[in-house]
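Report on the structure
For reference, the chains in residue letters:
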Amino acid sequence: PNPPRLYAGGTFTAAGGVSVNRIARWDGSAWSSLPGPGGTNGVTGGTTIRVLSVVDPDGSGPLTESLLIGGGFNTAAGVSVNNVALWNGSVASPLVGTGGNGVGGEAICVGQIDVDGAGPLESMPLVGGHFSLVDSTLFSAGVAGWNGTSWFSFFDQLQSVTSPNRINVIASVDMDGPGGN
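Residues numbered from 1 in each chain as written. Predicted model: local features only at pLDDT ≥ 70, side-chain atom pairs only at ≥ 80, totals over all residues. Heavy atoms only, no water.

Regarding its fold elements, the protein presents zero helices and 18 strands. Across the 181 residues in the protein, those meeting the buried criterion constitute 43%. Pairs at least 24 residues apart make up 44% of the contacts formed inside the protein by residues separated by at least 6 positions. Here the protein displays about 8800 Å² of accessible surface, and carbon together with sulfur accounts for 56% of that area. (Helix = DSSP H or I, 4+ residues; strand = E, 2+ residues; numbered from the N terminus. Buried < 20%, exposed > 50% of the residue type's maximum accessible area, 1.4 Å probe, protein only. Contact = heavy atoms within 4.5 Å. Areas by Shrake-Rupley, 256 points an atom, 1.4 Å probe, with all protein chains shown as cover.)

This is the structure in structure tokens:
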């Protein structure tokens, strides 16, 4: 397993003298980039990283945790991702569904939702931001969920929200105790 690391994201292009392209990791003694194929690193094709969050991308538990990276960019570590990516400590992966990958605008926030109310092992990441296209499909009003293999529309009732559709913060709270509905 990878040792714990600190990740920082923003608009910067270097950290500690190392070219990092808007995202860097600290191992306790030095900064490094998120390396990709052919010498690429960090994120490209955009301006910023807005959110970094540890998520369980498929709901199977903490052994599969990844870093979800969101913002305004086209690639992460050399991989086409469209504003949101998963980083497993070694490689970046797009969140690919049936119509494409990523979200059609800037990803601003990340949350987790316990889809079936049975506890954290079934938690799925939610991505919020300024977009109405997810996976090249018009169905989102600025928020969409990821179940490990595909995107799902979480807030269908937000379809009537006036433009621009923008979600700035997402929080999930279990008000009645562990696993309560």
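Taking strand neighbours across the sheet as the criterion, the four strands line up as β7-β8-β11-β12 in an open arrangement whose pairing is antiparallel. If you trace the sheet from one side to the other, it starts and ends with β7 (48-55) and β12 (92-94), each paired once. On average, each strand axis in the sheet is tilted by 30° relative to the strand beside it, whichever way the strands run. Note that strand β8 (residues 66-72) and strand β11 (residues 84-87) share four bridges and pair antiparallel. Its bridge partner lying in β11, L68 is registered against L86. (Pairing = 2+ DSSP bridges. Axes fitted to C-alpha atoms, helices over the stretch in contact; angles between N-to-C directions.)

Enumeration over the complete set of coordinates arrives at one salt bridge. Here R50 makes a salt bridge to E106, at a shortest N to O gap of 3.0 Å. On the criterion of sequence distance, the pair formed by R50 in strand β7 and E106 in strand β13 (residues 106-114) is long-range, its members being 56 residues apart. (Salt bridge = Lys/Arg side-chain N within 4 Å of Asp/Glu carboxyl O.)

To continue, consider the confidence of the model for the protein. Overall, the predicted model of the protein reaches an average pLDDT of 79, with 73% of residues at or above 70. The lowest-confidence element of the protein is strand β16 (residues 137-138), averaging 70 in pLDDT; the highest-confidence one is strand β2 (residues 14-15), averaging 96. (pLDDT = per-residue confidence, 0-100.)

To continue, consider the sheet that holds strand β9 (residues 75-76). With antiparallel pairing, three strands are arranged side by side in an open sheet as β6-β9-β10. Looking at the sheet topology across the chains shown, the edges are occupied by β6 (43-44) and β10 (79-80). Here two bridges tie β9 to β10, and the two strands are oriented antiparallel to one another. Within β10, the residue paired with T75 across the bridge is S80.

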